[in-house]
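# Understanding the architecture of this molecule
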Amino acid sequence: MKIFEKMRDEYGKKKKGYAFLLFLSFVITFFLSVSFNSARIESIVHNIDYANYPIGYSAYRGMDSKEYKSVMNNKFTNLDYHFFYYGAKNPDTNIMYENLNVKVIGCQKNFETFPLPSAYSSTIVSSKLLEGESFDDLDIISQSNAMVMYSSQLKKIGYKPNDKIRMMGHDFVLKGVLEDNSDIKRNINEDIIQIFIPYTTYLSLFDSPYPNVETVIYTSNYTFDELDDNQNFISYYKVQDILQHTEDYIIQSSYITIGTTFVISCICTAIVQIILIKERYNEIGIRRAIGASRDSIVFLFTKKSLYTILIGALMGFLTFLVVLFNVELILSHIYFTNFIMFNSNTTFLVLIIYIFLSYLSVLLPSILGTRINISTILVEER
């Protein structure tokens, strides 16, 4: 309560100029902080499919099974990779679910140790077994009818223990259940499911001579600049470029607004400072008459206004942090990814520039306003 009482005394009705400076610096600081931190958040939301892209992995899709090994040997020599067969359209199943899109993926043994192709986009996502087992050598060699599915997708189709999914005339038995990752949770309402089966079973089940292949490669910190324009290739670094380009575009599109905000802020601050000085002409005259230097008077007016601006800026920044943290928590809950971030370098740089410009906007009117003659003040009083 004492803090509010002190602020009321400092910026009450008789000191509307300082109250305006306090409010102005609060609003400008809050607005600038939001502008330079919302860009990254907007970039992630706009590219939400890539929000949880696994670090150190790349993916190459769109090849047919006839050429994929030569592509891997030529482009990704000696790099570890897993392949996934996909592309069978509308497989015949006994799943009773209207308008359901079933995507069957042919996999190697222990396929979940690598990121998996997303069911909803061209990205790849990390996952792990929640229960049961993955495919082993016996499943691959014997072309077994084992399958692995995501937990929530099993619930979507009403799967019960010991149920069998009949696909292309063959009964498939659940061997393992994958834990729902952020990609699955974000798209829980989409009528799409994935069924993972051994790749040898996939090849025997579907009669396409050359099914599509997607490879997930552990590329570590390697970059492939020659593949940047290839729509079938995606990597962690390419994803980061996509996010950065989107963020830069959002920031650049707001430059005019931010620049206008700086200009308006400086003009308003200068006008208010001039008014504050004119309201205290008598005090200036008295101080000059008793021997106070112009520099000391300039310091007095500049100190008070700048102090007010700093208090308002601090309040605006702290309010921004509270709002940002709560908004990020909400977004993290909605999109199932980490939105807790703060662009400290850019934010502090912009705020320092704003404080400096505000200082100049206070200093220049103070210098000009305190250079009046004492005789002029006396004549105005008469």
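Since we're looking at a predicted model, the values are computed, not measured.

This part takes up the pattern of salt bridges. Evaluated as defined, the whole model comprises seven salt bridges. Note that glutamate 179 and lysine 128 form a salt bridge whose closest N and O atoms lie 3.9 Å from each other. Separated by 51 residues along the polypeptide, glutamate 179 in the loop between strand E9 (170-178) and helix H6 (182-186) and lysine 128 in the loop between strand E5 (124-125) and strand E6 (129-132) bring together distant segments of the chain. Here lysine 175 makes a salt bridge to aspartate 139, at a shortest N to O gap of 2.4 Å.

Quick look at the packing of helix H2 (residues 16-46) against helix H9 (residues 255-278) now. Interhelical geometry of H2 versus H9 gives an angle of 170° and a closest axis separation of 10 Å. Viewed along their axes, H2 and H9 adopt a mutual orientation that is roughly antiparallel. On the side of H2, the interface is formed by Gly17, Tyr18, Phe20, Leu21, Leu24, Ile28, Phe31, Leu32, Ser35 and Phe36, while H9 contributes Thr257, Ile258, Thr261, Phe262, Ser265, Cys268, Thr269, Val272 and Leu276.

A separate point is the side chain of threonine 215. Structurally, threonine 215 is set in strand E11 (residues 212-218). Excluding residues within four positions of it along the chain, threonine 215 makes contact with Ser58, Ala59, Tyr60, Met63, Tyr68, Met72, Tyr81, His82 and Phe83.

Among the structural elements, asparagine 99 can be located in the loop between strand E2 (81-86) and strand E3 (101-107). By relative accessible area, asparagine 99 is classed as exposed at 64%. Taking C-alpha positions, asparagine 99 is 8.9 Å from isoleucine 192, a pair spaced 93 residues apart along the chain.

Glancing now at the pairing of E9. Strand direction decides the pairing type here: E6 and E9, joined by three bridges, are antiparallel. The residue bridging glutamate 131 from the neighbouring strand is valine 177, located in E9. Sheet topology places strand E8 (residues 164-167) next to E9; four bridges connect them, and they run antiparallel. By the bridge assignment for E9, arginine 166 is matched with aspartate 171. Between the end of E8 and the start of E9, which pair antiparallel, lie two residues, with methionine 168 showing a positive phi angle near 55°.

Residues Val263, Ile267, Ile271 and Ile275 make up a contiguous nonpolar surface patch of roughly 350 Å² in combined accessible area. Along the polypeptide, isoleucine 275 turns up in helix H9. Classification of isoleucine 275 as partly exposed rests on a relative accessible area of 44%.

Confidence in the prediction for the protein chain averages 87 pLDDT; 89% of positions are at 70 or higher. The element-level mean pLDDT for the protein chain is lowest in helix H1 (residues 2-10), coming to 48, with strand E7 (residues 146-150) highest at 97. The low-confidence segment residues 1-5 (pLDDT under 50) makes zero contacts with residues lying over four places distant or belonging to another chain.

Conventions we followed
Residues numbered from 1 in each chain as written. Predicted model: local features only at pLDDT ≥ 70, side-chain atom pairs only at ≥ 80, totals over all residues. Heavy atoms only, no water. Salt bridge = Lys/Arg side-chain N within 4 Å of Asp/Glu carboxyl O. Helix = DSSP H or I, 4+ residues; strand = E, 2+ residues; numbered from the N terminus. Axes fitted to C-alpha atoms, helices over the stretch in contact; angles between N-to-C directions. Parallel < 35°, antiparallel > 145°, perpendicular 65-115°, else oblique. Contact = heavy atoms within 4.5 Å. Buried < 20%, exposed > 50% of the residue type's maximum accessible area, 1.4 Å probe, protein only. Pairing = 2+ DSSP bridges. Patch = residues over 30% accessible without salt bridge, like charges linked within 9 Å, V, L, I, M, F, W, Y side chains within 5 Å. Areas by Shrake-Rupley, 256 points an atom, 1.4 Å probe, with all protein chains shown as cover. pLDDT = per-residue confidence, 0-100.

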